[in-house]
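Structure at a glance
Single-letter residue listing:
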2 protein chains.
Amino acid sequence: MSPLRLGLLGLGTVGQGVISILGEHSGLLEERAGRPLTLTRVASRSAKPEVDLLGASFGTDPAALVQADDVDVVVECIGGEQPCLDLLTAALGRSKSVVTANKALIATHGDALHQLASSSGAGLAYEAAVAGGIPILKAITEGLVANRIEWLAGIINGTSNYILTAMAEQGQDFSSALATAQELGYAEADPTFDVEGIDAAHKLAILAGLAFGRCFDFAGVATEGISGIAPIDIEYAARLGYVIKHLGIARFADGAVETSVHPALVPEGAPLAQIKGVTNAVQVGADALGSTLYTGPGAGMLPTASAVLADVVDLARGAPPPRRLAAAAAPMAADDRETPFYLRLQAQDRPGVFARITTLLSNAEINIDAALQQEHDASTPGTTVPIVLLTRPTTRPQLQSALEQLEGLADQVDDVQVLRVESLKP
Amino acid sequence: MSPLRLGLLGLGTVGQGVISILGEHSGLLEERAGRPLTLTRVASRSAKPEVDLLGASFGTDPAALVQADDVDVVVECIGGEQPCLDLLTAALGRSKSVVTANKALIATHGDALHQLASSSGAGLAYEAAVAGGIPILKAITEGLVANRIEWLAGIINGTSNYILTAMAEQGQDFSSALATAQELGYAEADPTFDVEGIDAAHKLAILAGLAFGRCFDFAGVATEGISGIAPIDIEYAARLGYVIKHLGIARFADGAVETSVHPALVPEGAPLAQIKGVTNAVQVGADALGSTLYTGPGAGMLPTASAVLADVVDLARGAPPPRRLAAAAAPMAADDRETPFYLRLQAQDRPGVFARITTLLSNAEINIDAALQQEHDASTPGTTVPIVLLTRPTTRPQLQSALEQLEGLADQVDDVQVLRVESLKP
């Protein structure tokens, strides 16, 4: 059978990984794809690198590559929205199939690109965009195809999970855990995308779009980072039987999709509570199958390239892509969902303060399930003590109005730390 | 597009699950498959049951169903080798595709059936045969297609994992944990297939055949059950930092495949050590991707039916099956592999016995990494005490010859309990 001719855009980590596996496993890939995979062209904006390009021609003009007649599949490993959107639009417009690891692009322009692919008959695949090499998109769209997926929850950013793990295991604060992550190469110099949840929100938008057959709606993901998590929160959570994790959660209920990335308390016995360091994991709740969990390396040169090439082999075998249905549901505001909440207040160390706070919350219909309070220390009047409360399930707006009343209370100082508690059950 | 016409063989648990999902999700399945999935015929040896057959005709002659012109895909949910082998051979011979949940059949006759499917151009799929609804075969053959898989280890029998979990958490002995499992419906009246590892060996033979592109060789799986595990072993393992799990392990090295089902000590921090109760999990070590783990329900009506219908939808979409390569490697004897071993001896409670035993082992080139020994009790001479040893990595034959010498030692009584220690690392 005729070779499948690949044009590679980008020679960063992932692009080099793709070349590495293509070189290392050319025989194995040909056997499994039923035809040779031939790298015909490589384009990168920088000058030709030291890497062995397996006989491919090199150019610095990506736009020329996507037009070239000797390229059947464009493998995009540049990243970021532009010029990738223009390049892949051009490729699909010329009926060239596209494989990409670009989560930002798919999360924001995935629907338009799918429409283009569908009308030109080309393939569009992006397994590598979510959770690195873990074949989670294939699991969702093919393995679980006979299910209505009800919810999914993932640890889908290795950097923030590394930081939370270090804070929990070594008692580091956020800044020093971040600094360690940067030293080890797990965090960028500017860590905003990772620690503020933007990267996870890109991935969650893709997961939710595929799991629920809806649009990719990055803008609709309620996103909250982990920079506000203090070591004391991790400690109190542990005393209550919870681990703090940075989760991406998506739910489908009443015809609407709810998507949110936020730090949350997870029961210490929950499977996602066991996920340590840079490892990624996605738990999927489906109506027939129940709960399954997919765990593995969420980033890295070869794991990500492994997913890119799985997509390429699917194209080479002529496997029809999972059907992407036209559908659109306005995401439900994450604020509508009832969960327990963790509250940490700093209050004046005066007799009766705990009772005044819980009475006020109770009047605002916020009921308390568990509390941790340091004993009143009569010897040092005027100091403040932390009070930690676990509420019964309530909504964010309901909680918010109670917290506003709490601000009027003279006993309480500083902002209240508010974290959701996620049971991770259907 | 024309409907895909399904003929269902067997109306046991899995068959009823298939009908249930087909009825519940007919719209969803049609949307995702791109065509209706129509159940045209059902055959079962028993009389027509109470179940709503979705308009399908019912018969008690399975052989007539596989010949029927209005059946495109035979969905086999009978189980066991015969009459299934004859039925599916007939179906494939008539170029009808086959989807089956039958692990015993595939593990022993999978190669012959694949050959038949390949020459008749029909599909043959069996995701449901391994680890219930977890899409592990798809992960291995498609998701990890760009990798050379190096090893895999699984908890692939829920019954035996339930029993070991109950023994560890409730201190039950094997018999009473088995009785509880039987009461809860997790174990059959005759539990041999599950607790002696035969069911796991069927699944492991399939996993290994697909992961390494080799023949399905059930007979080549070294199989050992869990009925010999005593509560004291679980307790000693815990004191040494290990959990006892019933594992299926397959490795590819030096062109040969090694497959074994056996109880083993697993480090308590290892992902498979966390798998409790009837849950299944498969860990896969691959050269590019590294280690990934797939966890979920390993049995049950709807989870298993979910996998059956995923295969059906793949056929309906016209997805070409992963290429199954003709290959054969003689499995390496499991005895050749070096691992640490756990040894539990019962010895006379006499001074110097520990030193005599370790000296004998050391002379036989078995070195000791850790030991647990009750203190000698001078007040009750003539009693026996357990001695537990963890050896450094060695082979089974080397260990065996040392153990034979040990039998000559007057200090030692009863058989030695011998369990492998599996690091579950590449």
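Placed above this text is the structure.
Just so you know, these numbers come straight off a predicted model, no measurement behind them.

About the thresholds
Residues numbered from 1 in each chain as written. Chains lettered and ligands numbered in written order. Predicted model: local features only at pLDDT ≥ 70, side-chain atom pairs only at ≥ 80, totals over all residues. Heavy atoms only, no water. Helix = DSSP H or I, 4+ residues; strand = E, 2+ residues; numbered from the N terminus. Rg over C-alpha atoms; globule rule 2.2 N^0.38 Å. Buried < 20%, exposed > 50% of the residue type's maximum accessible area, 1.4 Å probe, protein only. Contact = heavy atoms within 4.5 Å. Areas by Shrake-Rupley, 256 points an atom, 1.4 Å probe, with all protein chains shown as cover. Lys, Arg positive; Asp, Glu negative; His and termini not counted. Charge placed at Lys NZ, Arg CZ, Asp CG, Glu CD. Least-squares fit on C-alpha atoms with pLDDT ≥ 70 in both. Arc of directions from axis to C-beta. Patch = residues over 30% accessible without salt bridge, like charges linked within 9 Å, V, L, I, M, F, W, Y side chains within 5 Å. Salt bridge = Lys/Arg side-chain N within 4 Å of Asp/Glu carboxyl O. Disulfide = S-S within 2.5 Å. Phe/Tyr/Trp six-rings, centres within 6.5 Å; stacked < 30°, edge-to-face > 60°. Buried area = accessible area lost by both parts, 1.4 Å probe. Polar contact = N/O pair within 3.5 Å; in protein donor to acceptor, adjacent residues only side chain to side chain. Nonpolar A, V, L, I, M, F, W, Y, C, P; charged D, E, K, R; others polar. Pairing = 2+ DSSP bridges. Core = buried A, V, L, I, M, F, W, Y, C linked by side-chain atoms within 4.5 Å. Axes fitted to C-alpha atoms, helices over the stretch in contact; angles between N-to-C directions. Parallel < 35°, antiparallel > 145°, perpendicular 65-115°, else oblique. Left-handed = near helix turned anticlockwise from the far one by under 90°.

Topic: the overall build of chain A
From N to C terminus, chain A includes 14 helices and 16 strands. Here the C-alpha radius of gyration of chain A, 24 Å, is about what a compact globule of 426 residues would show, namely 22 Å. Over its C-alpha atoms, taken along the principal directions, chain A stretches across nearly 80 × 45 × 35 Å. Within chain A, the proportion of its 426 residues that are buried is 57%. Taking the contacts inside chain A whose residues are at least 6 apart along the sequence as the reference set, 73% of them involve residues at least 24 apart. When the accessible surface of chain A is split by element, carbon and sulfur atoms take 49% of a total near 16100 Å². Separation between the mean location of the 28 positive side-chain charges and that of the 48 negative ones in chain A comes to 7 Å.

A short note on the relation of the copies chain A and chain B
Note on the identical chains: chain A maps onto chain B by a rotation of 180° and an axial translation of 0.0 Å, with an RMSD of 0.0 Å. Here the symmetry operator amounts to a two-fold rotation axis.

Comments concerning helix H8 (residues 174-183) of chain B
Residues and elements named next belong to chain B. Within H8, burial applies to Phe-174, Ala-177, Leu-178 and Ala-181. What you see down the axis of H8 is that its buried residues fit within an arc of 100°, all on one side. Pointing more than 90 degrees away from the buried face of H8 are the exposed residues Ser-175 and Glu-183. Here the buried face of H8 lies against helix H7 (158-170) and helix H9 (192-195). Looking one or two residues past H8, Gly-185 carries a phi angle of roughly 80°, positive in sign.

Some remarks on a nonpolar patch on the surface
Taken together, the side chains of Leu-184, Tyr-186 and Val-278 of chain A present a nonpolar region at the surface, about 250 Å² in accessible area. Mapping Val-278 of chain A onto the fold places it in the loop between strand S10 (256-267) and strand S11 (279-286).

Let's talk about the state of the cysteines
Residue and element names in this part refer to chain B. What the rule picks out here adds up to 0 disulfides over all chains. Here Cys-84 stays unpaired: no disulfide links it, and the sulfur of Cys-77, its closest cysteine neighbor, is 9.5 Å away. Since its relative accessible area comes to 0%, Cys-84 is described here as buried.

A few points about the pattern of salt bridges
Per the stated rule, a full pass over the model turns up 30 salt bridges over all chains. Residues Lys-138 of chain B and Glu-142 of chain A are paired through a salt bridge, measuring 2.6 Å at the closest nitrogen-oxygen approach. You can see Lys-138 of chain B sitting in helix H6 (residues 136-143) and its partner Glu-142 of chain A sitting in helix H6 (residues 136-143), one on each of two chains. Each member of the pair Lys-138 of chain B and Glu-142 of chain A is classed as buried. Two residues, Arg-41 of chain B and Asp-70 of chain B, come together in a salt bridge whose shortest N-O distance is 2.6 Å.

Side note on the packing of aromatic side chains
Residues and elements named next belong to chain A. A full pass over the atoms with the stated rule returns 7 aromatic pairs over all chains. Considering the side-chain rings of Phe-212 and Phe-252, the 5.6 Å spacing of their centres and the 20° angle between planes classify their relative orientation as stacked. Here Phe-252 lies in strand S9 (residues 242-253) and Phe-212 lies in helix H10 (residues 198-212), a separation of 40 residues in the sequence.

Examining the environment of Leu-390 of chain A
Turning to its location among the elements, Leu-390 of chain A is positioned in strand S15 (residues 384-391). Excluding residues within four positions of it along the chain, Leu-390 of chain A makes contact with Leu-240, Tyr-242, Leu-265, Phe-341, Tyr-342, Asn-367, Ile-368, Asp-369, Ala-370 and Val-421 of chain A.

Here we look at unusual backbone geometry
Cis geometry is adopted by the peptide bond preceding Pro-83 of chain A, which originates at Gln-82 of chain A and carries an omega value of 10°. Considering the arrangement of structural elements, one finds Pro-83 of chain A in the loop between strand S4 (73-76) and helix H4 (84-93). In this structure, Ser-95 of chain B is a non-glycine residue whose phi angle is positive, near 60°. The residue Ser-95 of chain B is located in the loop between helix H4 (84-93) and strand S5 (97-100) in this model. According to the relative accessible area criterion, Ser-95 of chain B is partly exposed, its value standing at 45%. The phi dihedral of Ala-131 of chain B is positive, around 60°, even though this residue is not glycine.

Some points on the interface of chain A and chain B
Accessible area lost upon the coming together of the parts is a frequently used measure of interface size. Counting residues at the interface gives 47 residues for chain A, matched by 47 residues for chain B. Buried surface at the junction of chain A and chain B, both sides included, amounts to about 3800 Å², of which 60% is carbon and sulfur. Counting across the interface, chain A meets chain B through 4 salt bridges. Note that Arg-317 of chain A and Glu-142 of chain B form a salt bridge whose closest N and O atoms lie 3.9 Å from each other. Where chain A touches chain B, the interface holds 16 residue pairs in polar contact (both at pLDDT 80 or more). Mapped onto the side of chain A that touches chain B, the elements with two or more residues apiece are helix H2 (26-33), H6, strand S12 (290-297) and helix H12 (301-317) of chain A. Looking at the side of chain A that touches chain B element by element, the count peaks at 8 residues for H12 of chain A. For the side of chain A that touches chain B, a count of residues per class yields 26 nonpolar, 12 polar and 9 charged. Note that S12 of chain A and strand S12 (residues 290-297) of chain B share 3 bridges and pair antiparallel.

A short note on the nonpolar core
Residues Ile-136 and Ile-206 of chain A together with Ile-136 and Ile-206 of chain B are the most contacted members of the largest nonpolar core, which totals 109 residues. In terms of residue count, H10 of chain A provides more of this core than any other element does, 10 residues in total. With residues near it in sequence (within four places) discarded, Ile-136 of chain A still touches Glu-127, Val-130, Ala-131, Leu-207, Val-282, Val-284 and Tyr-294 of chain A. With 35 residues, the next largest nonpolar core counts Ala-33, Val-75, Ala-125 and Ala-128 of chain A among its residues.

Topic: the packing of helix H5 (residues 103-120) of chain A against H10 of chain A
All names here are of chain A. Packing of H5 against H10 leaves a shortest axis separation of 8 Å and a crossing angle of 50°. Here H5 lies oblique to H10, going by the angle between them. Judged by the sense of rotation from one axis to the other, the crossing of H5 with H10 is left-handed. For the pair formed by H5 and H10, the contact residues are Lys-103, Ala-104, Ile-106 and Ala-107 on the first element and Asp-199, His-202, Lys-203, Ala-205 and Ile-206 on the second.

As for the side chain of Asp-233 of chain A
By the element assignment, Asp-233 of chain A lies in helix H11 (residues 231-239). Ignoring sequence-local partners within four residues, the contact set of Asp-233 of chain A consists of Gly-228, Ile-244, Tyr-342, Arg-344 and Gln-417 of chain A.

Side note on the sheet that holds strand S1 (residues 4-9) of chain A
Read across the open sheet, the 6 strands follow the order S3-S2-S1-S4-S5-S6 (chain A); overall the sheet is parallel. Looking along the sheet, the strands with just one partner apiece sit at the ends: strand S3 (57-59) and strand S6 (124-125) of chain A.

Quick look at the sheet that holds strand S6 (residues 124-125) of chain B
All names here are of chain B. Across the sheet, 6 strands lie side by side as S3-S2-S1-S4-S5-S6; this open sheet has parallel pairing. Only two strands of the sheet have a single neighbouring strand rather than two, namely strand S3 (57-59) and S6. Across 2 bridges, the pairing between S5 and S6 is parallel. If you follow Val-99 over to S6, its bridge partner there is Ala-125.

So, H11 of chain A
All names here are of chain A. Buried residues of H11: Asp-233, Ile-234, Tyr-236 and Ala-237, and no others. Down the axis of H11, the buried side of the element spans an arc of 165°, and every buried residue falls inside it. Note on H11: the residue one or two positions beyond its end, Gly-241, has a positive phi of about 95°.

Thoughts on the pairing of S9 of chain A
All names here are of chain A. With 10 of 12 residues buried, S9 is to be regarded as a mostly interior element. Examined bridge by bridge, strand S7 (residues 149-155) and S9 share 4 bridges and lie antiparallel to one another. Within S9, the residue paired with Trp-151 across the bridge is Arg-251. Relative to S10, S9 runs antiparallel, the two being bridged by 12 bridges. Residue Val-243 lies in a different strand from S10, and its bridge partner there is Val-266. Between the end of S9 and the start of S10, which pair antiparallel, lie 2 residues, with Asp-254 showing a positive phi angle near 55°.

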